[in-house]
Amino acid sequence: MEEQNIIALWKEQSVKIDRSLAVNRKLLRELVNQKAHSSLRSLSWLLSGSILAGILYLLLLGALLALAVRHYSHAADYFIVSFGAIWLFNIKALSDYVRHIVCLNKIDYDDTVLNIRQKLTRLQLSMIRNIRVMFLQLPFWTTFYLSGKWFPVHTPWYWILFQVAITGASVYAAYWIYRNLSLENVDKKIIRMLLNSWDRKYVLKASAFYKDAEDFEE
Amino acid sequence: MTYKFQVMDENNENIFASVIEAYKGIIYKIARSYCSVEDDRKDLIQEILLQLWKSFAKYNPQFRYSTWVYRIALNVAISFYRKEKSRGNISHVYTDEIFKMEDYSPPDKKEDLLLLQQFINELKPLDKALMLLYLDEKSHKEISDITGISETNAATKINRIKNLLKQKFSRINH
């Protein structure tokens, strides 16, 4: 089929669509007025809900930490350091989450396709990178239950060995994940498994778009 | 988080409705090319209309209305997956359709049209945008304004896509 025939075919279809398509002005009016406002407000409540859940979690961690500091004893050293670190990692995660959501919702679609694509892809990549940071708290979950009263001085050698093994393994795992959890490694089975916990489809699409946008610019 | 909404006066609302009326075909064709599932397509159309409305107050008269509609509709369509989890909140409000197809009879060369649509569906999202703009006979300047790539680059890419399309049609015909 010749080029002109293809365009003519498309044009013929466009004319028919234009002729047959009716805009329901009443619904359009509703969309752009009150109902759109309220429906988007419910979307904003949903987002606020997840942020609220994050804040409650941080408050819980913070309260436990404050309690340990207030009634300080040498026994709570491991707990304070571990929960302090976990608390900081989670503050970072929540602040990044809020920042990303605000940025996503601030995007003005009246820009060129390439610019919007780049902005969204940068944002998506940044979200994925932030997942890595969360894994760095892993080793601290293996130390918070230790007590300065009995560890390591009054602890049997096999327990010390066990503790060193699990903390060492979690340090290695956290470091490995931090180094390797990236879109470049998305083909590795273990990275795919880790990303599955979040949203693989989302990540893979971000990855595909990243490549597409690069091709598009060339 | 708060969403800022500019209250439109009746005059602006009428202008907006007229623009949508005039360019409804663009929105519909883009939605159909990026969404093959009927329900998703309705959601996408609503999302495009919402974004058009949000941008309407800042409309830059330097560009044509069609350029503005293309830009926003394509950007929303390409990014639509981002909304997959949240769009239910928007669409539940509108159980009816804003765009209604009344008595649509497809053109006679139905097979060729299906083939063309299938070809478009198989393209990558950004190439799909170029293909739609080419089929709607947009100038290279306008394609550049919408997509953000240079006119030369747009011409090269469109040629590549056109050749693929020709090959596809010739394979079917032989």
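Keep in mind it's a predicted model, so treat the numbers as computed, not measured.

Caption draft 1: Examining the overall build of chain B more closely. Check the secondary structure of chain B and you find eight helices and one strand. Written out in order from the N terminus, the α and β elements of chain B read α-α-α-α-β-α-α-α-α. A buried classification covers 37% of the 174 residues belonging to chain B. Contacts spanning at least 24 positions in sequence make up 68% of the contacts within chain B whose residues lie at least 6 apart.

Caption draft 2: How the structure looks around the overall build of chain A. For chain A, the helix and strand inventory stands at eight helices and one strand. Reading the helices (α) and strands (β) of chain A from amino to carboxyl end gives α-β-α-α-α-α-α-α-α. Burial statistics for chain A: of 218 residues in total, 16% are counted as buried. Considering only intrachain contacts with a sequence separation of at least 6, the fraction spanning at least 24 residues in chain A is 74%.

Caption draft 3: Expanded view of the packing of helix H6 (residues 125–135) of chain B against helix H7 (residues 140–147) of chain B. All names here are of chain B. It is the contact of H6 with H7, at a shortest axis distance of 10 Å, that shows an interaxial angle of 145°. For the pair H6 and H7, the sense of crossing is right-handed. In this structure, H6 contributes Ala129, Leu130 and Leu133 to the contact, and H7 contributes Ile143, Ile146 and Thr147.

Caption draft 4: Summary view of the nonpolar core. All names here are of chain B. Counting residues in hydrophobic clusters, the biggest one holds 54 residues, and the most contacted among them are Ile48, Ala73 and Ala77. Top element by residues in this core is helix H3 (residues 65–78). It accounts for nine residues. Residue-level mapping places this core at the junction of two domains, with at least three residues from each of domain 1 (7–104) and domain 2 (106–174). Leave out the neighbours within four places in its chain, and alanine 73 touches Ile26, Ile27, Ile30 and Ile48.

Caption draft 5: Here's a closer look at helix H2 (residues 25–32) of chain A. Every buried residue of H2 of chain A is accounted for by Leu27, Leu28, Leu31 and Val32 of chain A. Each buried residue of H2 of chain A sits inside an arc of 130° when the element is viewed along its axis, so together they form one side.

Caption draft 6: Region of interest: the domain arrangement of chain B. All names here are of chain B. By domain assignment, chain B separates into domain 1 (7–104) and domain 2 (106–174). Taken together, the contact between domain 1 and domain 2 spans ten residues of the former and ten residues of the latter. At the level of secondary structure, the elements contributing two or more residues to the side of domain 1 that touches domain 2 comprise helix H1 (10–34) and H3. Ranked by the residues each element gives to the side of domain 1 that touches domain 2, the list is headed by H3, at five residues. By residue class, the composition of the side of domain 1 that touches domain 2 is five nonpolar, three polar and two charged.

Caption draft 7: The arrangement of unusual backbone geometry in detail. The peptide bond linking phenylalanine 151 of chain A to proline 152 of chain A adopts the cis configuration, its omega dihedral lying at 0°. Relative to the helices and strands, proline 152 of chain A is located in the loop between helix H5 (113–135) and helix H6 (157–180). Here the phi dihedral of glutamate 137 of chain B falls at roughly 55°; this positive angle occurs in a residue that is not glycine. Along the polypeptide, glutamate 137 of chain B turns up in the loop between H6 and H7.

Caption draft 8: Structural detail: H1 of chain B. Tyrosine 23 of chain B marks where H1 of chain B bends most, by close to 65°. When we look at burial in H1 of chain B, the residues that qualify are Phe16, Ile20, Lys24, Gly25, Ile26, Ile27, Tyr28, Lys29, Ile30, Ala31, Ser33 and Tyr34 of chain B.

Caption draft 9: Seen up close, the environment of aspartate 43 of chain B. Residues and elements named next belong to chain B. Considering the arrangement of structural elements, one finds aspartate 43 in helix H2 (residues 38–56). Exposure remark for aspartate 43: the 21 C-beta atoms within 10 Å place this residue in the buried category. Distance in space between the C-alpha atoms of aspartate 43 and glutamate 97 is 9.5 Å, their sequence separation being 54 residues.

Caption draft 10: Main features of the environment of tyrosine 78 of chain A. The residue tyrosine 78 of chain A is located in helix H4 (residues 77–106) in this model. Each C-alpha atom, one on tyrosine 78 of chain A and one on threonine 143 of chain A, is 6.4 Å from the other, the two residues being 65 residues apart in sequence.

What counts as what
- Residues numbered from 1 in each chain as written.
- Chains lettered and ligands numbered in written order.
- Predicted model: local features only at pLDDT ≥ 70, side-chain atom pairs only at ≥ 80, totals over all residues.
- Helix = DSSP H or I, 4+ residues; strand = E, 2+ residues; numbered from the N terminus.
- Buried ≥ 20, exposed ≤ 12 C-beta atoms within 10 Å, placed from the backbone.
- Contact = placed C-beta atoms within 7 Å.
- Axes fitted to C-alpha atoms, helices over the stretch in contact; angles between N-to-C directions.
- Left-handed = near helix turned anticlockwise from the far one by under 90°.
- Core = buried A, V, L, I, M, F, W, Y, C linked by C-beta atoms within 7 Å.
- Domains from an automatic or database assignment.
- Arc of directions from axis to C-beta.
- Nonpolar A, V, L, I, M, F, W, Y, C, P; charged D, E, K, R; others polar.
- Bend = angle between axes of the 7 residues up to and from the residue.

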